[in-house]
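# Notes for the structure review
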Amino acid sequence: MNLTAAFDGLECVDCGATVDAAESHQCPACGGALDPTYEYDAIDLDRERLASRPFDSQWRYAELLPVARESAVTTAEGATPLVDCPDLADELGVGRVLIKDEGRNPTGSVTDRGASMAVTAALEHGATDVALPSTGNGGQAAAAYAARAGLEAHAYLPSRSGFTNKAMVNVHGGDMNVVGGRFDDAAAAFEEGLAEHDDWYSLRSFDTPYRHEGAKTLFYELAEQLEWAVPDAICYPTGAGTGLVGLAKATREFRELGLIDETPALYAAQASGCAPIVDALEDGRDEHEPVDHPDTICGELEVPDPTASARVLEVIRETDGGAVATDDPDILEAAVRVAQTTGLELIPSAGAAASGAWELAERGAFDGDETVVIVNTGSGNKEADVLRSHLMSQGV
């Protein structure tokens, strides 16, 4: 593998065992998930050096990624805009609201960050086929980056996934497996496929240690775009929790390097019809209990049994953040409100981050002078029919 100089290998998040980078998935000692580690003392990176680089993709942070930039499978993902929304700040009663618009990524979602990193690792490991279960966006992203790398992609999507995601898996040449039912059914079918094919390289979140390594670059960009003034709160729509785990790791790394001094409070935003992280946090548990009957129109959030819930809950508590669930009509209304107020197009699932921010404000979570970042995880065009249907239901 063409590894970066400071990359130190992998560490098991459960038992702490160190694992060579050639071990791409589970810990051989206990079966736990792995996390990339670095020799931070060996990284020479400061604000001036970053400012001298083109703001062109997530790979501008190569010192903090496992694989060297020249080996990257990339379509210039990352480097997305951070848009100031003063009208929303007035409505929330805070000092500043900004939307990090991940819908500008190549396939229209934040999952491009993790797909680029994970497919790069798969290629470096000599994989020929990659596979994953997905609520939709991840499958499309994996198929796109696998196509660029010359790999075969096998995506398992529930039938409820959006048409655009399913169509584009096919367009990119991927093997799309539409499984009747919901995400858990797709995950079960994926497990069967993986068991039957020893040569498939799993890209499922937290199976591979590399998807959250791509996701963490979102915070690196935030810090720079805010001229190193760390936001007080980040509201992130949460299904599996890859984004939150990545954000938390990025804040630790930038603090370790002396680039920032503060840590933002991280908030998981979920739909009330499928809110295992919210329920666990409110009940004081360290892990979730699976949701027996998930039901939300926000398909990207319908992950009733997130495998890394313990890590997600840990980072929420470590950052003095929280978790909030809102109803589908409120989520869709928030997405429409953002569109009509700011001109930005939120995917319905990201509407949960906006409606969650409103709910937090109503609960008195903010004092009035905070900077709040709402992460739009995907382009509204992917599910414009859902947003339009909400308008029609309101008589618009």
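Residues numbered from 1 in each chain as written. Predicted model: local features only at pLDDT ≥ 70, side-chain atom pairs only at ≥ 80, totals over all residues. Heavy atoms only, no water.

Identification of the chain as Threonine synthase from Natrinema ejinorense is taken from an unreviewed UniProt entry. In UniProt, the chain has this text filed under Cofactor (unreviewed entry): "pyridoxal 5'-phosphate". (UniProt positions renumbered as here; feature names shortened; annotations may be inferred.)

Read across the open sheet, the three strands follow the order E2-E1-E3; overall the sheet is antiparallel. On the outer flanks of this sheet lie strand E2 (18-19) and strand E3 (34-38), each paired with one strand and no other. Where strand E1 (residues 7-12) lies against E3, five bridges are found, and the strand directions are antiparallel. Bridging across to E3, Phe7 finds its partner in Tyr38. (Pairing = 2+ DSSP bridges. Helix = DSSP H or I, 4+ residues; strand = E, 2+ residues; numbered from the N terminus.)

For the rest of this paragraph, the subject is the sheet that holds strand E7 (residues 152-158). One open sheet holds the four strands; their spatial order is E8-E7-E6-E9, and the pairing between them is parallel. Edge positions in the open sheet fall to strand E8 (175-179) and strand E9 (200-202), since each of these has one partner strand only. Averaged over all pairs of adjacent strands, the angle between strand axes in this sheet comes to 25°, irrespective of strand direction. The sheet contact formed by strand E6 (residues 129-133) and E9 spans three bridges and is parallel. In the sheet register, Val130 faces E9, and the bridge partner there is Tyr201. (Axes fitted to C-alpha atoms, helices over the stretch in contact; angles between N-to-C directions.)

With that settled, the discussion passes to the environment of Thr319. Along the polypeptide, Thr319 turns up in the loop between helix H11 (309-318) and strand E12 (322-326). Here Thr319 falls in the buried class, since its relative accessible area comes to 9%. Each C-alpha atom of the pair Thr319 and Pro237 lies 17 Å from the other, and the pair is 82 residues apart in sequence. Not counting residues up to four positions away in its chain, the partners in contact with Thr319 are Thr263, Pro264, Ala265 and Leu266. In this structure the side chain of Thr319 is engaged in a polar contact, spanning 3.2 Å, whose partner is the backbone nitrogen of Leu266. Here the side chain of Thr319 touches Val315 through a polar contact of 2.9 Å, landing on its backbone oxygen. (Buried < 20%, exposed > 50% of the residue type's maximum accessible area, 1.4 Å probe, protein only. Contact = heavy atoms within 4.5 Å. Polar contact = N/O pair within 3.5 Å; in protein donor to acceptor, adjacent residues only side chain to side chain.)

A separate point is the pairing of strand E5 (residues 96-101). The element E5 is extensively covered by neighbouring structure, given that five of its six residues are classed as buried. In terms of strand pairing, strand E4 (residues 82-84) meets E5 through three bridges, oriented antiparallel. What sits directly across from Leu82, in E5, is Lys100. Where E5 lies against strand E13 (residues 371-376), six bridges are found, and the strand directions are parallel. Each bridged residue has a counterpart across the sheet, and for Leu98 the counterpart in E13 is Val373.

Counted according to the given criterion, the structure contains seven aromatic pairs. For the ring pair Tyr38 and Tyr40, a centre distance of 6.1 Å and an interplane angle of 45° mean the geometry is tilted. Tyr40 gets classed as partly exposed once you look at its relative accessible area, which sits at 21%. Between Tyr220 and Phe254, the aromatic rings sit 4.6 Å apart at their centres with planes inclined by 15°, giving stacked as the arrangement. One end of the pair, Tyr220, is in helix H8 (residues 217-225); the other, Phe254, is in helix H9 (residues 242-256), and 34 residues separate them in sequence. Judged by relative accessible area, Tyr220 falls into the buried class, the value being 0%. By relative accessible area, which is 0% here, Phe254 ends up buried. (Phe/Tyr/Trp six-rings, centres within 6.5 Å; stacked < 30°, edge-to-face > 60°.)

What follows covers helix H12 (residues 328-342). When the terminal C-alpha atoms of H12 are compared, their 21 Å separation across 15 residues agrees well with the 21 Å that a helix rising 1.5 Å per residue should span. Three or more residues of H12 are buried, namely Asp328, Ile331, Leu332, Ala334, Ala335, Val336 and Val338. On the buried face of H12, the contacting elements are helix H2 (86-92), E5, strand E11 (265-271), E12, helix H13 (351-362) and helix H14 (384-393). Gly343 sits one or two positions beyond H12 and adopts a positive phi of about 85°. (Expected span 1.5 Å × (residues − 1).)

So, about the layout of surface pockets. Empty space within the largest pocket amounts to approximately 810 Å³. Lining the largest pocket are 34 residues, and of these Val13, Asp14, Ala33, Asp35 and Arg311 lie nearest its centre. Contributing elements (two or more residues each) for the lining of the largest pocket: E1, E3, H9 and H11. In terms of residue class, the lining of the largest pocket is made up of twelve nonpolar, eight polar and 14 charged. Split by domain, the residues of the lining of the largest pocket number at least three in each of domain 1 (7-63) and domain 2 (82-109 + 210-394). What lines the second largest pocket is a set of 35 residues, among which Ser205, Arg211, Gly239, Ala240 and Thr242 lie closest to the centre. (1 Å grid on protein atoms, 1.4 Å probe; cavity = no way out; pocket = protein on both sides within 12 Å on 5 of 7 lines; lining within 4 Å. Points joined across faces, edges and corners; volume = space filled by probe spheres on them. Nonpolar A, V, L, I, M, F, W, Y, C, P; charged D, E, K, R; others polar. Domains from an automatic or database assignment.)

Moving on to the domain arrangement of the chain. Its domain assignment divides the chain into domain 1 (7-63), domain 2 (82-109 + 210-394) and domain 3 (110-202). Domain 2 and domain 3 are separated by 24 Å when their C-alpha centres are compared. With both chains or domains summed, domain 2 and domain 3 bury close to 2,100 Å², and 47% of this area falls on carbon and sulfur atoms. For the pair domain 2 and domain 3, the number of links is four salt bridges. Counting across the interface, domain 2 meets domain 3 through 17 residue pairs in polar contact (both at pLDDT 80 or more). (Buried area = accessible area lost by both parts, 1.4 Å probe. Salt bridge = Lys/Arg side-chain N within 4 Å of Asp/Glu carboxyl O.)

This part is about a negative patch on the surface. On the surface, Asp232, Asp261, Glu262, Asp367 and Asp369 cluster together to form a negatively charged patch. Note that Asp367 resides in the loop between H13 and E13. (Patch = residues over 30% accessible without salt bridge, like charges linked within 9 Å, V, L, I, M, F, W, Y side chains within 5 Å. Areas by Shrake-Rupley, 256 points an atom, 1.4 Å probe, with all protein chains shown as cover. Lys, Arg positive; Asp, Glu negative; His and termini not counted. Charge placed at Lys NZ, Arg CZ, Asp CG, Glu CD.)

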